[in-house]
Amino acid sequence: MLSEQQLHFFHTFGYLKFSGLMKDEIGWITEEFTQVFPMFASKIHDGTKRTSIVAFIDQREKLSSLIDDPRINGICTSLLGDDFNYMGSDGNYYSGNTTWHPDDNNRERLHLKIAFYLDELDHSNGALRVLPGSHHVDDRFNHDLREKVFHKASEKYLGIPGEDVPAVVVDNVPGDVLVFNHNLYHSAFGGGKSRRMFTLNCSQRFTDVEVLRSYIVKNAHFKRPSYYGQAMIASANPQRMKHLEQVMAQDDFFAEHTSDLPVMA
Ligand SMILES: O=C(O)CCC(=O)C(=O)O
């Protein structure tokens, strides 16, 4: 569980870094990461652009078990409550820069991104950059960023490239875990052609089923019978199921409303 100081840090600045939290597991985690991409013929990374797989940890039973790990579960429970939802995962080989953006502008629920970077990264080679405090969506700072920093706006409005926007660079050693609020502005500059990273996304429970339905359909990206992958569901114990049940209750709706999407192959 997080300390009171960690909770204050997260709510004030919008992110937390857990140095070495998963150091003892990083060998198998990296091996499993590598195994997922060859499962899909269209997902062989050639370095020319980002290669991304959604429902990522869901493809492998061992990666799915990260949700059950007391360290990950403790972070989610502390920040989201013990009935938190698992809201999906993506795995990536990044190529080049990621410009400034938040993942959401959400006032209703807290959504967390839990990021595992599998390379040693600093300011020179693509470490995550964050703008502390930018997650407060009704704040003047957030509004200024939306206009003057988002994507490449700093070039026009501030006369500086994205990499010169004053930011905290969150250096990474494999085994570190970086957690941030989806509303937080973040970016990465100077990375190579194969920066490896995957995420788990978790949220507070939804209070409105229609809002949940539109969220999962919007984030579907491809056709499948359930928002979650088969390995995630098949290996779920009752404790994990608590974090899947609210979304799984919408499986029929999800399948029906995403039937026109392409299949990931
Ligand atoms: O590491 C990166 O390039 C940025 C990651 C990111 O934008 C995200 O996970 O939302």
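Residues numbered from 1 in each chain as written. Predicted model: local features only at pLDDT ≥ 70, side-chain atom pairs only at ≥ 80, totals over all residues. Heavy atoms only, no water.

> Any details on the pattern of salt bridges? Residues and values, ideally.
Counting across every chain of the model gives 15 salt bridges. Close ionic contact of Glu25 with Arg71 constitutes a salt bridge, the shortest N to O distance being 2.7 Å. Here Glu25 is found in the loop between strand E1 (15–18) and helix H2 (26–36), whereas its partner Arg71 is found in helix H4 (residues 70–80), with 46 residues between them in sequence. Accessibility expressed as a relative area gives 25% for Arg71, which makes it partly exposed. Put simply, Arg213 and Glu210 hold a salt bridge, and the shortest N to O gap is 3.8 Å. In this pair, Arg213 and Glu210 both sit in helix H7 (residues 209–218), three residues apart, roughly one turn of the helix. Salt bridges sharing partners connect three or more residues here, namely Asp24, Glu25, Asp69 and Arg71. (Salt bridge = Lys/Arg side-chain N within 4 Å of Asp/Glu carboxyl O. Helix = DSSP H or I, 4+ residues; strand = E, 2+ residues; numbered from the N terminus. Buried < 20%, exposed > 50% of the residue type's maximum accessible area, 1.4 Å probe, protein only.)

> Go over the pairing of strand E8 (residues 177–181) with me, naming the residues and quoting the values.
Within E8, five of the five residues are buried, leaving the element largely enclosed by the surrounding structure. Here E8 shows a buried face lined by Val177, Val179 and Asn181 and a second buried face lined by Leu178 and Phe180. Both strand E5 (residues 111–117) and E8 contribute to a ladder of four bridges, which runs antiparallel. Looking at E8, one finds that Lys113 is bridged to Phe180. (Pairing = 2+ DSSP bridges.)

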